[in-house]
Amino acid sequence: MGGKMQFKIISTALAMLFYIGQIWAHSDETLDSQKSPHGGQVRMAGAYHLELVMSKDGKSAKENPIRVYVTDHAGNKVASTSINVNMTLLDGKNKSNIELKADGDNRFKGVADYAFNPKLKAVVSITSKGQQEQARFTPFAAPTSSHGDHKH
């Protein structure tokens, strides 16, 4: 093999490793092992990181606040004026659609009837420039990753 061919193979392999590393860097387990800025659960949705913050008070369903913070992958705030955010809350057989309204630089806010429940699931949809991305959350489930237990 010529030098140019070897260089192309090595370059392609390094690029693939970098890409795979980026995917792993944003897995749910990795995001769960990191401290979130507002104490919520963070998930990736396309070009965004979404942090879902829900009230952990109460065992019975009542009207509680919901907040979603939007940043890019570097942690920079994404202007709430340039995007729309909606959420579907799944609690057993109950399903609620919640419209979240812009409430600050990169924050969206809404309310819904829910209680602290480890089985509660949420799907947050973000729409920007006509393109929609989604992220799935289990905001009250215990993290499944043991990465947070490691000492570095």
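The model shown is predicted, which means the values in this text are computed figures rather than measured ones.

Before going further, it helps to examine the overall build of the protein chain. Scanning the protein chain from N- to C-terminus turns up two helices and eight strands. Counted from the first residue to the last, the protein chain has its helices and strands arranged as α-α-β-β-β-β-β-β-β-β. Every one of the 152 residues in the protein chain was classed for burial, and the buried ones make up 32%. Taking all contacts inside the protein chain whose residues are at least 6 apart in sequence as the whole, residues at least 24 apart take part in 55%. Accessible surface, the protein chain as shown: approximately 10100 Å² in total, 54% of it carbon and sulfur.

Pairing of side chains with opposite charge becomes possible as their charged atoms draw close. Applying the stated rule across the entire model yields three salt bridges. Residue K77 is joined to D105 by a salt bridge in which the shortest nitrogen-to-oxygen separation is 3.5 Å. Of the two residues, K77 sits in the loop between β3 (62–72) and β4 (84–91) while D105 sits in the loop between β5 (94–102) and β6 (107–114), which places them 28 residues apart along the sequence. A salt bridge links K101 to E99, with the shortest nitrogen-to-oxygen separation between them at 3.4 Å.

The subject of this paragraph is the nonpolar core. One finds L50, M54, I66, V68, V70, M87 and L89 to be the most contacted residues of the largest nonpolar core, which totals 25 residues. Of all the secondary-structure elements, those providing two or more residues to this core are β2 (48–54), β3, β4, β5, β6, β7 (121–128) and β8 (131–137). Considering every element that reaches this core, the biggest residue donor is β2, with four residues. Those residues in contact with L50 that sit more than four places away from it in its chain are Q41, V42, R43, A45, V68, Y69, V70, V124, I126, A135 and F137.

What follows deals with the pairing of β4. Where β4 meets β7, seven bridges bridge the pair, whose relative direction is antiparallel. Bridge pairing in β7 places N86 opposite S125. In this structure, β4 lies alongside β5, joined through seven bridges in antiparallel fashion. Directly across from L89, in β5, lies its bridge partner S96.

Per-residue pLDDT for the protein chain averages 81, and the proportion of residues at 70 or more is 75%. Per-element averaging of pLDDT across the protein chain places helix α1 (residues 3–25) at the bottom with 54 and β7 at the top with 96. Predicted confidence is poor over residues 17–24, with pLDDT under 50, and the contacts of this stretch with residues over four places away or in other chains come to one contact.

What follows concerns the sheet that holds β5. Read from one edge to the other, the open sheet built from eight strands follows the order β1-β2-β3-β6-β5-β4-β7-β8, with strand pairing classed as antiparallel. Edge positions in the sheet fall to β1 (41–45) and β8, since each has one partner strand and no second. Strand-to-strand twist across the sheet, computed as the mean angle between neighbouring axes with direction ignored, equals 25°.

To continue, consider the side chain of N106. Within the element layout of this structure, N106 appears in the loop between β5 and β6. A distance of 2.9 Å separates the side chain of N106 from the backbone oxygen of V70, its partner in a polar contact. Excluding its chain neighbours within four sequence positions, the residues that come into contact with N106 are V68, Y69, V70, T71, K77, V78 and S80.

Rules of the game
Residues numbered from 1 in each chain as written. Predicted model: local features only at pLDDT ≥ 70, side-chain atom pairs only at ≥ 80, totals over all residues. Heavy atoms only, no water. Helix = DSSP H or I, 4+ residues; strand = E, 2+ residues; numbered from the N terminus. Buried < 20%, exposed > 50% of the residue type's maximum accessible area, 1.4 Å probe, protein only. Contact = heavy atoms within 4.5 Å. Areas by Shrake-Rupley, 256 points an atom, 1.4 Å probe, with all protein chains shown as cover. Salt bridge = Lys/Arg side-chain N within 4 Å of Asp/Glu carboxyl O. Core = buried A, V, L, I, M, F, W, Y, C linked by side-chain atoms within 4.5 Å. Pairing = 2+ DSSP bridges. pLDDT = per-residue confidence, 0-100. Axes fitted to C-alpha atoms, helices over the stretch in contact; angles between N-to-C directions. Polar contact = N/O pair within 3.5 Å; in protein donor to acceptor, adjacent residues only side chain to side chain.

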